Amino acid sequence: MRWLLAQILLLLTLGSFQMRDHLEEPSFSIKLEDGGRFDVYALKDGNGLLDGYRAHIKAPVCEDRLCYDVNVIFYWNLNGEFLRYEVLPHDPLTKMDHEPFLPEDYKKLQSILTSQDLSFVNIPKDELVTKSDSSEVDGYTGATKLTVKKEVIEGALYTCYTLWHIANGTVVESIKSHTKNAFSKELIRKIIAQDNQTAHYFLINNLNSSQFAENLPEILGLMTSSKGYFSKNTIEKIPKTLFSTEPLQDFIVANYQELDYYTQLAILKKLDNQRQSGSLKQFFIGHIDPKNSFQNQKLIGLVLQNIGPEEFGLLVGQLQATGVGVSEENFQALQQVNEQLKLNISMIQKL
Amino acid sequence: MKKLTLLFLLSICGAYAQKPTTVMVEAESFKNKGGWVVDQQFMDVMGSSFLMAHGMGKPVADASTTVSFPSKGKYKVYVRTRNWSSQWSKKEAAGQFLLSVDGKTLPKTFGKDHAEWAWSEGGTVKISKKEVILSLKDLTGFNGRVDAIIFTNDPAFKPTNDVKALSDFRNDYFGFDRNPKLAGDFDFVVVGGGMAGTCAAIAAARNGVKVALIQNRPVLGGNNSSEVRVHLGGRINLEPYPALGNLVNEIGPKEGGNAQPKDYYEDDKKMNAVLNEPNISLFLNHHANSVETNNGTIESVTATNIETGERVIFKGALFADCTGDGTIGILAGAEYMIGRESQSVYGEPTAPEVADNLTMGASVQWFSETKDTPATFPDIQWALPWDEEKSEEITKGDWEWETGMGLDMKLDFEQIRDYGMLAVYSNWNYLKNHSKNKEKFAKESLRWVAFIAGKRESVRLKGDYVLIEQDLTIPRVYPDGTAPTSWTIDLHYPDPENSKLFPGAAFKSIAKHTKIYPYPIPFRCLYSKNINNLMMAGRDISVSHVALGTVRVMRTTGMMGEVVGMAASVCKKENTTPRGLYQKHFDQLEALMLKGVGDPTLPYIQGYNNGGTLMEIKKK
Ligand SMILES: Cc1cc2nc3c(=O)[nH]c(=O)nc-3n(C[C@H](O)[C@H](O)[C@H](O)COP(=O)(O)OP(=O)(O)OC[C@H]3O[C@@H](n4cnc5c(N)ncnc54)[C@H](O)[C@@H]3O)c2cc1C
């Protein structure tokens, strides 16, 4: 009963989309491997901003020599992640022997199309089935049987395989470049506001220098709430020149300690040969500490670049107070600076 | 063999010639092994490697060798063997064989008498010439086994069944132990040639370190070799060290899949990679089994050649335990962990409330092939009791054919392996001879059943840090992070369904997965806490049972190997220990990890079996 209702609902929504398809111009079209093609339409939100993509897919699929056309509508988000699909009510998906999909098959298909962790999709199409074990009904038994079987819908191996490759194939890059070409301040802000780290990765991998500069506070804001290696990767992507600017250096002073070790290292690397504000230098000097043995030499080396008398005094004091030793390379730099300043550095230990 | 005879002659020549003589022949030293295989897996427990007739139900070709006798006359014959199936079945023994001496077959059928390894009396033979051919005739194709054969004309002599006393006897007889050959003095001795050890050796060699690599099988790759057939799992080229894994990509097979045909595992690729390194001396077929230490520092490791019995000594400055079993660590007196820690130890949410000895199990994988015509399989009587409910209508046993959880992966390993094999044969026997659907399997024929069982967990050596679940899930990264682990926390338990059918003796498992972000394993987990110059890579590193769930996959263990090899070069350069590296020179290791050690220009071929992760983007 519920299934029927869903079908009717589908019918209603699809009706309206199909009408729109005729009015809109497709944004681009994608060639399929077997020679077919489909058009991709950009979707807009209420404010006229780009909102995602849709395509009507018709593709031939053969399950064990029985062939039919799958007929579905696909949706992707702004950065090319597959979102969901819809079936046309008069055209259900079928399995082998033209068995129609069951509700749980539709659900499983959704999880297959949105997954990047499947191994069967990496197997060349003609190797999915090994002929050795033809006694079994599914027609794809033998060597790869267990792994493949667990991942796909029984009796619909090629439907799953074909649709996954359409949903996650070349269309993804085309969507990305279409969205990238449409980048405006508003669109970038819209993506930043999404709770989707993949979309945020898409941004940092595709913004140009001026877009980074224009949206810097928001992008830095993403780092503090991110997971995995997003903050390290963001630091690596932000153009080097921005690291000499005040907002970025203030951000470092305020957040350095909360960032993970690898992000910290990435920051130190990016600051190499950049002008450092007095407060940043002082912050780093305060950070030199026996507990911080992994970073001390990097910090000392960095702080010594273009150091003024005031900060040099602070540095010498910190080294003496904490007893942190100095590497050969840093010691030479230290002596060089001290040739003019002539402080007493005899208490400082060499490593 | 020539050498054996020579040594023997030396010891009995001259005045002794008239004295009673005893001649001992090690089966694994047989010159022509026919279809028999050398099995060394249990030698630390039962005392020796042995020959086994692994014919999957078809008797294997005879093994033979020539033995010299110092004097003619009558000799009593003893054969060290066992009836391996009798611990589960009182029916006719699975593995049976005959011995013939100089073309005459002894009347006795061996392999039937006793469950434990012991000497079976074989009657008396008359030796009428100096050089005599011995041959072993397999009768069943079901894993009959022979450790050694003794001939004696000394009425007072009876071979001992005590393993320690027997080992002394062997040593006295062959003289190997008193006089181990020096293999050399190395910067770095790597024991175990799985992915971890192979990568450790290559990484060190490419960074200017003189390496010995000791492996107790004829091939490299361990679980990823064609002897065990497990495919590589996990991801490489990850943050924060994207160049780690280039070596895994360079030597790893391009095709995935467990229990696939032999070629899938590309044994030669790993072997050639090692042979191409002038800095590596490779010792195949050598099983490391003793360690000399001085004040918590290993001075040498000694290994036994699994075919000739010769002993070889390896001196070195640094050692790596890549055995998977922590064997070198344990022999050196390293602290270690075993079984499951209780929640109270590390506060891990997934740990059990009470500690126990449950480890993940070992696997005997297998598959069959379809023949053009019907293929028979002997209707074995010693199979486990089987019926339709137990029957699995399949043609391949993958990772989930897993057994021995709760047993000791070293002391009980022969039993674990044998039970794994017994389960395979029992199900197959049912499918071929009794199942209501046996027609479906008429043309199926067992193609491959592993006799080297794949292990997942035995002991974990304790390092300066023990990696735990919360480190991985929060995640909590440390500055001394190295190879990133990316597989799920994948813990195996006995399959409840199978446990119901086989109470207390399940041979199938289930896996529970928790996804993580790629997590750099702290360097402090890769060296021993109390043995100064011992590092480890592989499944025996310093992690809790729960954390082992992710780190044990072989792309990850391979990357640990890369790191440990790089670390060896830093230790050599700075003349320091692994702990010294951690404390003072980690930046040098960091630089090497950023650079990587494998060929970065090769196409990326490690896209299979990457596993689920929380990582948000694909690198590469
Ligand atoms: C059935 C099964 C399925 C699995 N599935 C996967 C999977 O899909 N992907 C994955 O990556 N991992 C998988 N694993 C886990 C993985 O294979 C193990 O954790 C593996 O042991 C890790 O590799 P390693 O290099 O530490 O050790 P191993 O591969 O065990 O290598 C150790 C080597 O050292 C040798 N050795 C041991 N002792 C000595 C000694 N004293 N002297 C000389 N040599 C010695 C051994 O013979 C062996 O060749 C699976 C394991 C099993 C059993």
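The structure we're discussing is the one just above.
Calculation criteria
- Residues numbered from 1 in each chain as written.
- Chains lettered and ligands numbered in written order.
- Predicted model: local features only at pLDDT ≥ 70, side-chain atom pairs only at ≥ 80, totals over all residues.
- Heavy atoms only, no water.
- Contact = heavy atoms within 4.5 Å.
- Buried area = accessible area lost by both parts, 1.4 Å probe.
- Salt bridge = Lys/Arg side-chain N within 4 Å of Asp/Glu carboxyl O.
- Helix = DSSP H or I, 4+ residues; strand = E, 2+ residues; numbered from the N terminus.
- Pairing = 2+ DSSP bridges.
- Near = heavy atom within 4 Å.
- Polar contact = N/O pair within 3.5 Å; in protein donor to acceptor, adjacent residues only side chain to side chain.
- Areas by Shrake-Rupley, 256 points an atom, 1.4 Å probe, with all protein chains shown as cover.

Student: Just checking my understanding: could you explain the interface of chain A and chain B for this structure?
Tutor: In many analyses, interface size is given as the accessible surface area lost on bringing the parts together. Residue-level contacts link 28 residues of chain A with 38 residues of chain B. When chain A packs against chain B, the two sides together hide about 2,500 Å² of surface, and 52% of this comes from carbon and sulfur. If you sort the residues of chain A by the area they bury against chain B, Tyr229, Tyr262 and Phe294 of chain A come out on top, with a joint share of 25%. For the interface between chain A and chain B, the tally reads 5 salt bridges. Two residues, Lys298 of chain A and Glu590 of chain B, come together in a salt bridge whose shortest N-O distance is 2.9 Å.

Student: It is not clear to me how the environment of Glu329 of chain A should be interpreted in this structure. Could you clarify?
Tutor: Within the secondary structure, Glu329 of chain A is located in helix H16 (residues 328–341). A C-alpha to C-alpha distance of 63 Å links Glu329 of chain A and Gly36 of chain A, two positions 293 residues apart in sequence.

Student: Whenever I open this one, the sheet that holds strand E22 (residues 444–449) of chain B confuses me. Can you help?
Tutor: Residues and elements named next belong to chain B. Read across the open sheet, the 3 strands follow the order E20-E19-E22; overall the sheet is antiparallel. A single partner strand is all that each edge strand has here, and the edge strands are strand E20 (396–397) and E22. Pairing of strand E19 (residues 366–370) with E22 involves 5 bridges; the strand directions are antiparallel. The partner of Ser368 across the bridge, within E22, is Leu446.

Student: What exactly am I supposed to notice about the site of the ligand here?
Tutor: Residue and element names in this part refer to chain B. Asn216, Gly233, Arg539, Arg552 and Met554 are the nearest of the 33 residues found near the ligand. Contact between the ligand and His231: a nitrogen atom at 2.9 Å from a main-chain N or O atom of the residue. Here Asn609 contributes a side-chain N or O atom positioned 3.0 Å from an oxygen atom of the ligand. Protein chains shield 94% of the accessible area of the ligand, which is 1,000 Å² for the free molecule. At the level of elements, helix H4 (195–206), strand E14 (286–294) and helix H13 (554–574) are the ones that each hand at least two residues to the shell around the ligand. In terms of residues, the shell around the ligand owes the most to one element, E14, which gives 3 residues.

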